[in-house]
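# Coordinate analysis (summary)
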Amino acid sequence: MDLPTLWFLLLAFFFVGYFVLDGFDFGVGMSLPFLGRDDTDRRVLINTIGPVWDLNETWVIVAGAFMFAAFPEWYATLFSGFYLLLLLILLALIARGVSFEYRHQRPEAAWKRRFDLMITVGSAVPAFVWGLVFANVVRGVPLDEGFNYTGGLTDLLNPYALLGGFTTLLLFFTHGLVFVSLKTEGEIRERARRLAVRAGLVTIVVAASFLVITTLMHGTIASAVLSAAAAVTLIASFAANLRGREGRAFALMAVTIAFAVASLFAALFPAVMPASNDPANSLTIANAASSDYTLTVMSWVALVFVPLILGYQGFTYWIFRKRISRATIPAAS
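On a predicted model such as this, the values are computed, not experimentally measured, just so you know.

## Points about the packing of aromatic side chains
- Evaluated as defined, the whole model comprises 34 aromatic pairs.
- Ring centres of tyrosine 18 and tryptophan 130 lie 5.9 Å apart, and the angle between their planes is 75°; on these two criteria the pair is classed as edge-to-face. On the criterion of sequence distance, the pair formed by tyrosine 18 in helix H1 (residues 3-30) and tryptophan 130 in helix H7 (residues 109-139) is long-range, its members being 112 residues apart.
- Judged by its relative accessible area of 9%, tryptophan 130 is buried.
- With 4.9 Å between their ring centres and 45° between their planes, tryptophan 53 and phenylalanine 100 make a pair best called tilted. Taken together, the residues tryptophan 53 in helix H4 (residues 53-70) and phenylalanine 100 in helix H6 (residues 83-102) connect sequence positions 47 residues apart. Each member of the pair, tryptophan 53 as well as phenylalanine 100, carries the same accessibility label: buried.
- Put simply, the rings of Phe8, Phe15, Tyr18, Phe19, Phe26, Trp130, Phe134, Phe172, Phe265 and Phe269 touch in pairs and so form one group of aromatic residues.
- Residue placement shows arginine 321 over the ring face of tryptophan 318; its charged tip is 3.8 Å from the ring centre.

## A word on helix H5 (residues 72-81)
- Among the residues making up H5, those that are buried are Trp74, Thr77, Leu78 and Gly81. On an axial view of H5, the arc spanned by its buried residues comes to 95°, and they lie on one face.

## Thoughts on the packing of H1 against H7
- Their axes nearest at 8 Å, the elements H1 and H7 cross at an angle of 145°. Both H1 and H7 take part in a crossing whose hand is left-handed. Contact residues: Phe15, Tyr18, Phe19, Asp25, Phe26, Gly29 and Met30 in H1; Ile119, Thr120, Ser123, Ala124, Pro126, Ala127, Trp130 and Phe134 in H7.
- Looking at the contact of H1 with H7 residue by residue, the classes come out as 11 nonpolar, three polar and one charged.

## A short note on unusual backbone geometry
- Geometrically, the link from phenylalanine 269 to proline 270 is a cis peptide bond, its omega value of 5° lying close to zero.
- Its identity is not glycine, yet phenylalanine 147 carries a phi of approximately 65°, on the positive side.
- Mapped onto the elements of the fold, phenylalanine 147 is located in the loop between H7 and helix H8 (153-156).

## Re the pattern of salt bridges
- Throughout the structure, instances matching the rule amount to 13 salt bridges.
- Arginine 37 is the salt-bridge partner of glutamate 187, the closest N and O atoms lying 3.0 Å from each other. Of this pair, glutamate 187 sits in helix H10 (residues 187-218) while arginine 37 sits in the loop between helix H2 (32-35) and helix H3 (39-49); the two residues are 150 residues apart in sequence, bridging distant segments of the chain.
- Classification of arginine 37 as exposed rests on a relative accessible area of 58%.
- Taking the shortest distance from any N to any O, the salt bridge between arginine 193 and glutamate 190 comes out at 3.7 Å. On the criterion of helical spacing, the pair formed by arginine 193 and glutamate 190 is a turn pair, its members being three residues apart in helix H10.
- Overall, arginine 193 belongs to the buried group, its relative accessible area being 18%.
- When salt bridges with common partners are traced through the structure, they connect Asp39, Arg42, Arg103, Lys112 and Asp116 into a single cluster.

## Thoughts on the nonpolar core
- Ranked by internal contacts, the top residues of the largest apolar core, which has 102 residues, are Phe71, Trp74 and Phe82.
- Broken down by element, the residue count for this core peaks at 16 residues, all from H1.
- Excluding anything up to four places from it in sequence, phenylalanine 82 contacts Thr77, Val133, Asn136, Val137, Val141, Leu156 and Met273.

Procedures and definitions
- Residues numbered from 1 in each chain as written.
- Predicted model: local features only at pLDDT ≥ 70, side-chain atom pairs only at ≥ 80, totals over all residues.
- Heavy atoms only, no water.
- Phe/Tyr/Trp six-rings, centres within 6.5 Å; stacked < 30°, edge-to-face > 60°.
- Helix = DSSP H or I, 4+ residues; strand = E, 2+ residues; numbered from the N terminus.
- Buried < 20%, exposed > 50% of the residue type's maximum accessible area, 1.4 Å probe, protein only.
- Lys NZ or Arg CZ within 6 Å of the ring centre and 35° of its normal.
- Arc of directions from axis to C-beta.
- Axes fitted to C-alpha atoms, helices over the stretch in contact; angles between N-to-C directions.
- Left-handed = near helix turned anticlockwise from the far one by under 90°.
- Contact = heavy atoms within 4.5 Å.
- Nonpolar A, V, L, I, M, F, W, Y, C, P; charged D, E, K, R; others polar.
- Salt bridge = Lys/Arg side-chain N within 4 Å of Asp/Glu carboxyl O.
- Core = buried A, V, L, I, M, F, W, Y, C linked by side-chain atoms within 4.5 Å.

Structure follows, in structure tokens:
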């Protein structure tokens, strides 16, 4: 395996990790209007991800840094051509992060409602737009000879990409609901499980449609196998949730998202940014990668720090593994 291929796989790994981990964060944020009947309920929901949401978010920062260093041409084309969409994601993540920190700073109900709305919107927007971005990358966009995006914003809002956006939105929403049922006790746990069942039915239909279309239009043998695996694990997660086995349902949802994202990268390979107007203008792992020396140095750095990141992540989840209930929430001052 050559270094560009290794780094393509490593970059795929970090995006898979980001969507699995920050995916349920987004889902919990989107669940506030549906599960939070009062302020205590909403505090329970926020506290389920309170210790880990910022750690989960760092995966996309690392993925972006890896893309910049390993595939600078891909980074430049993606961030310039998709500038408005990625800026929208950034603004939504900022709004969400600010809301987590500021909603409890004043006791007024109206103050908290505004920040709760920001959490919901700041979770739904990235959940949708990330699917929009990746669907367009797989579909291909118009590029010139210098690998510059030559389309406009409306070109990115095509039916296939919009379906991709709704797929990630629903996957993350269901993922978050299952996480809430896994991390909480009492009535809110039951409400989350029931809503996850209803949302799961819609998710299965939408996600299956997107994966089938992707396989037919852009698929390879590897992406077809991964898409099929994602469909099987999604249905298995739904069945586990029906039986009240939250731990198994959550694990299977995580595997579903991992398989689904991996299938998109498999459909791309060896391209990283296909040109829809002329295949000769496509960016591949060969013409988008940094020099072998750069990739070699990065490989040694990754060999040291990636295990540390994974170890710290696992330790954090172990420490904050207990369930949360209304009784564990202190009275608001």
